[in-house]
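Spelled out, the chains give:
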Amino acid sequence: MLVMETHQQNQRFRVLQANLNISRCGCHFPQKNQLAKNWVFVSLIWHRVAVLVFVGWRLIMLREYQQRTIDHALQTWPETRILMLTHVKELIVQNAEKMRQHWPNCPLGIYSAGLGRKDLGEPITFAGIQSVRSKAKLIGHCDLVIIDECHLIGHKDEGGYRTLLSDIYEANPNVRVIGLTATPYRLGHGYITDKPAIFDALIEPVSIEELIFKGYLSTLRSKLTATKLEVDGVHKRGGEYIEAELQAAVDTTDKNRKVVAEIVRLADGRKSWLIFCAGVAHAQHIAEALQDEGIVAECVTGETPSAERDRMLKEFKEGRIQALTNANVLTTGFDAPGIDLIAMLRPTMSPGLYVQMAGRGLRIAEGKTDCLVLDFAGVVEQHGPITAVIPPPKKGD
């Protein structure tokens, strides 16, 4: 029976591999090479693989994967089970909604405490890792696990993702894992394919600069700022600035006043501002300073109540809130295409965090010509343009 099950699973993967060829499926995005054209083919041959994509491109790839692979698998083998994981409820909703748009009758369920949903039993489950990290037995057999923002998976065999995947492997050693991220590296560890990380290889279907050139992503334009947030004397822990010291260095009344005055002056008619701050108090103070200048501004932090946060994000996307400040909240996966100004007030040693922050301005939207990046924190100068970021070295290199 075990031999038969393995044979059936291998046959299933062979059909999945043969079924998707991006060059034939009507997806007209540029591809770098033949390997990228069959990214699903490669990902199912290799046991684990990380796929480098960005913002809307990730959703395009998920759509193509669904149209050419997942629905075929479910028609051919109705018992196929797919788990799609991420770390925040906004991404769960966003990814599930995109799949529903392109597959109205998609047999999916959502398992997320934050969303008040615990749907299991459907062939496809969108889940939050915090809600299912210890629920492998409840989830049952999985054939494929897709992890959004997979750079959050630790290199060491610990943490929620590694715990869940280990339990899933025990139930099905033939399970395949695909990771999606724009930043396939971690501070102090290097690439997420460097062992003992779980991924074996990277596939880059397309670069950011190619997508910008073709008009699928927005251009980022930066301006030099007169105000600079210095980090002299701020110590580091684990390769990153210590938050309390960093916030004390940059969050002063005088600096906040100068930063806000410069943002207002350089904005020049821009309508949707996202501001990254060094901490909760800093984000609150910047929001207050913006309000003093007559700007409709709000502050979102990890301490913001869920209902209030949802209201703020909704009104920001609708244009009723012009400026949104945040502290370590809206960096990965936040999808607001209209953002046309990003202010960097958060110095960081992490190129991944820098790319994730700048990436919030890459989405295209009606009436948007580009996104202005104001680099008060010096991160563009430190890490370079996001099209040519150097990944962090491993600890000790």
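Everything quoted here is computed from the prediction, not taken from an experiment. Residues take numbers from 1 onward in each chain, read along the sequence in its written order. Local features in this predicted model are restricted to residues of pLDDT 70 or higher, and side-chain atom pairs are both shown and tallied only at a pLDDT of 80 or more, whereas totals for entire chains, interfaces and linings draw on every residue. Hydrogens and waters are ignored; side-chain quantities use all the structure's heavy atoms.

Asks: Could you give me a rundown of the pairing of strand 18 (residues 370-375), with the residues and numbers involved?
Replies: For every residue, the accessible area obtained with a 1.4 Å probe (protein chains only) is divided by the maximum for its type, and the residue is called buried under 20%, exposed over 50%, and partly exposed between those limits. Secondary structure elements follow DSSP: runs of H or I of four or more residues count as helices, runs of E of two or more count as strands, with numbering from the N terminus. Counting buried positions along strand 18 yields 6 of 6 residues, so the element is predominantly enclosed. A pair of strands is treated as paired once DSSP finds two or more bridges between them. Here 5 bridges tie strand 11 (residues 219-223) to strand 18, and the two strands are oriented parallel to one another. Residue pairing in the sheet places S222 in a bridge with V373 of strand 18. Both strand 17 (residues 341-344) and strand 18 contribute to a ladder of 4 bridges, which runs parallel.

Asks: For the layout of surface pockets, give the residues involved together with the corresponding values.
Replies: Empty space among the atoms can be located by rolling a probe the size of a water molecule over them. Every definition here rests on a 1 Å grid over the protein atoms only: cavities are sets of points where a 1.4 Å probe fits but cannot get out, pockets are open sets enclosed by protein on both sides within 12 Å along at least five of seven lines, and lining residues have some atom within 4 Å of a point. Grid points are joined across faces, edges and corners, and a volume is the space filled by probe spheres set on the points. Its volume calculated, the largest pocket comes out at about 590 Å³. Every residue lining the largest pocket is counted, 23 residues in all, and those nearest its centre are H151, L152, R186, S350 and L353. For the lining of the largest pocket, the secondary-structure elements that each account for two or more residues are strand 8 (185-186), strand 13 (240-241) and helix 14 (351-359). Class assignment of the residues belonging to the lining of the largest pocket gives a composition of 8 nonpolar, 10 polar and 5 charged. Gly is placed with the polar residues, together with every amino acid not listed as nonpolar (Ala, Val, Leu, Ile, Met, Phe, Trp, Tyr, Cys and Pro) or charged (Asp, Glu, Lys and Arg).

Asks: Pulling in residues and values, what's your account of the pairing of strand 17?
Replies: As a general feature of sheets, a regular strand has side chains that alternate between the two faces. Of the two faces of strand 17, the one holding L341 and A343 and the one holding I342 and M344 are both buried throughout. Note that strand 14 (residues 273-276) and strand 17 share 4 bridges and pair parallel. Residue pairing across strands places W273 opposite L341, the latter belonging to strand 17.

Asks: Hey, could you go over the sheet that holds strand 15 (residues 297-300) for me, with residue numbers and the actual values?
Replies: With respect to topology, 6 strands assemble into an open sheet ordered 11-18-17-14-16-15, the strand pairing being parallel. The sheet terminates laterally at strand 11 and strand 15, the two strands that pair on one side only. If you compare each strand with its neighbour and ignore which way they point, the axes differ by 20° on average. The contact criterion used throughout is that any non-hydrogen atoms of two residues lie within 4.5 Å. Axis definition: a line fit to C-alpha positions, over the contact stretch in the case of helices; interaxial angles, taken between N-to-C directions, run 0 to 180 degrees. Strand contacts of helix 14: strand 11, strand 14 and strand 17, with the helix running at about 150° to strand 17, the strand carrying the most contacts.

Asks: Go over the side chain of R363, please, and point to the residues and values.
Replies: Within the secondary structure, R363 is located in the loop between helix 14 and strand 18. A polar atom in the side chain of R363 sits 2.5 Å from the side chain of D335. Pairs of N or O atoms are called polar contacts if they sit within 3.5 Å, as long as, within protein, a hydrogen donor faces a hydrogen acceptor (for residues adjacent in sequence, only side-chain-to-side-chain pairs).

Asks: I'd like a rundown of the packing of aromatic side chains, residues and numbers included.
Replies: Between 30 and 60 degrees the pair is tilted, below 30 it is stacked and above 60 it is edge-to-face, where a pair is any two Phe, Tyr or Trp rings, Trp via its six-membered ring, whose centres lie within 6.5 Å. Enumeration according to the criterion identifies 2 aromatic pairs in this entry. Seen in terms of ring centroids, Y185 and Y191 are 6.2 Å apart; in terms of plane orientation they differ by 75°. Their pairing is edge-to-face. Of the residues examined, Y191 reaches a relative accessible area of 33% and is grouped as partly exposed.

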